[in-house]
Amino acid sequence: MAGVLAGFGHFTHAVVRGIPTSLATEALRSSQAEVDVAGARREHDAYVEVLRTRLGLEVVELPADEALPDCVFVEDAAVVCGDTALVTRPGAESRRRETEAMKCALKELDLNIVEMNDENATLDGGDVLFTGREFFVGLSKRTNQRGAEILADAFKDYAVSTVPVLEGLHLKSFCSMGGPGLIVIGSSEPAQKTLKIMQQMSDHRYDKLTVPDDLAANCIYMNLPNKGHVLLHCTAEEFPESVKVFEKLKDHLLIPVSNLEKAKVDGALTCCSVLINKKANI
């Protein structure tokens with residue numbers, strides 16, 4: 001396993017985007033809770049500061065666009081693996097223009113750009129779980145089979161399996177990677193059912209870490225020089241019982257990051273950055 005996954009979680013750059021005021025009133029959402037935009041911006045600033053200062057990533061910050069209320073959720077606009085970037089075609093029509101600024105940023109980083117131009121395809125990056133060995137793509141309200149096929153074509157070195165998203169917005173609304181070969185998964189029945197399908201479809205064996213709260217299962221794993229295993233996860237204020245589970249990961253540097261406000265518009269931790277591992281130009 002170590003050979004295949006030696007580079008898993010290695011990142012050098014992150015692309016993030018500012019929060020427009022329109023997030024509070026016009027962002028897509030499943031709940032009607034009132035969003036405190038100033039609070040959301042404080043949370044986001046703290047998140048970006050962790051990436052830049054605490055973890056030492058090069059952060060590319062794109063400006064907010066008031067015409068794109070969901071634009072802070074950059075993960076849905078691109079899937080990056082190695083030196084290839086797939087610019088997606090988000091499932092919600094109101095979000096399609098978010099890919100323009102993302103494409104420019106990824107070009108600036110000298111990545112090989114693949115664009116999803118098929119009008120029958122939809123794919124949100126929030127439905128894409130890369131395990132280091134293979135991709136799982138959630139078929140959801142936002143991502144369809146054609147989108148998954150184009151992703152498979154873009155990343156031919158890896159197997160791609162599709163799994164149903166039975167509840168929640170995206171596949172990563174209830175799961176993420178917590179380390180090499182470790183899937184963090186919510187405890188709800190739909191989440192556990194999806195995990196079982198993933199395990200059946202895969203030729204690889206994964207360990208699982210089950211947390212009581214589905215949303216808490218969305219966390220960010222990195223493996224960084226001088227830091228080792230790093231996990232950005234929810235705070236005890238949001239999900240105290242799930243945080244107790246993360247605290248069992250004794251080999252990880254655990255960094256709680258608040259996501260209270262963005263969660264009101266279905267945003268999770270992975271949603272707010274596109275992580276990239278750029279090889280040094282020698």
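A brief structural summary.

Criteria and thresholds
- Residues numbered from 1 in each chain as written.
- Predicted model: local features only at pLDDT ≥ 70, side-chain atom pairs only at ≥ 80, totals over all residues.
- Heavy atoms only, no water.
- Buried < 20%, exposed > 50% of the residue type's maximum accessible area, 1.4 Å probe, protein only.
- Helix = DSSP H or I, 4+ residues; strand = E, 2+ residues; numbered from the N terminus.
- Pairing = 2+ DSSP bridges.
- Right-handed = clockwise from strand over helix to strand, strands pointing away.
- Phe/Tyr/Trp six-rings, centres within 6.5 Å; stacked < 30°, edge-to-face > 60°.
- Lys NZ or Arg CZ within 6 Å of the ring centre and 35° of its normal.
- Expected span 1.5 Å × (residues − 1).
- Arc of directions from axis to C-beta.
- Contact = heavy atoms within 4.5 Å.

### Quick word on the pairing of strand 7 (residues 134–139)
1) Next: When you tally the buried positions in strand 7, you get five out of six residues, the bulk of the element.
2) Next: Sheet topology note: the strand 6 (residues 128–130)/strand 7 ladder contains three bridges and is antiparallel. For Leu129, the partnering residue across the bridge sits in strand 7 and is Phe136.
3) Next: Between the end of strand 6 and the start of strand 7, which pair antiparallel, lie three residues, with Gly132 showing a positive phi angle near 95 degrees.
4) Next: As for the winding sense of the linkage, the β-α-β connection from strand 7 through helix 5 (residues 145–154) to strand 8 (residues 159–164) is right-handed.

### Topic: the packing of aromatic side chains
1) Next: Applying the stated rule across the entire model yields seven aromatic pairs.
2) Next: Ring centres 5.9 Å apart and planes at 85 degrees place the aromatic pair Phe135 and Tyr158 in the edge-to-face group. Taken together, the positions of Phe135 in strand 7 and Tyr158 in the loop between helix 5 and strand 8 put the pair 23 residues apart, joining distant regions of the chain.
3) Next: A residue is classified by how much of its surface remains accessible, and Phe135, at 1% relative accessible area, is buried.
4) Next: By way of ring pairs, the aromatic residues Phe8, Phe130, Phe135, Phe155, Tyr158 and Tyr221 are connected into one cluster.
5) Next: Positioned above the aromatic ring of Tyr206, the side-chain terminus of Arg133 is 5.3 Å from the ring centre.

### Remarks on helix 6 (residues 189–201)
1) Next: With 13 residues, helix 6 extends 19 Å from end C-alpha to end C-alpha; this agrees with the ideal 18 Å at 1.5 Å per step.
2) Next: Within the span of helix 6, buried status applies to Pro190, Ala191, Thr194, Leu195 and Met198. Looking straight down helix 6, one finds its buried side chains confined to an arc of 140 degrees; they lie on one side. When the buried face of helix 6 is taken as reference, the exposed residues oriented beyond 90 degrees from it are Glu189, Lys196 and Gln200.
3) Next: Packing partners of the buried residues in helix 6 comprise strand 6, strand 7, strand 8, strand 10 (182–186) and strand 11 (207–211).

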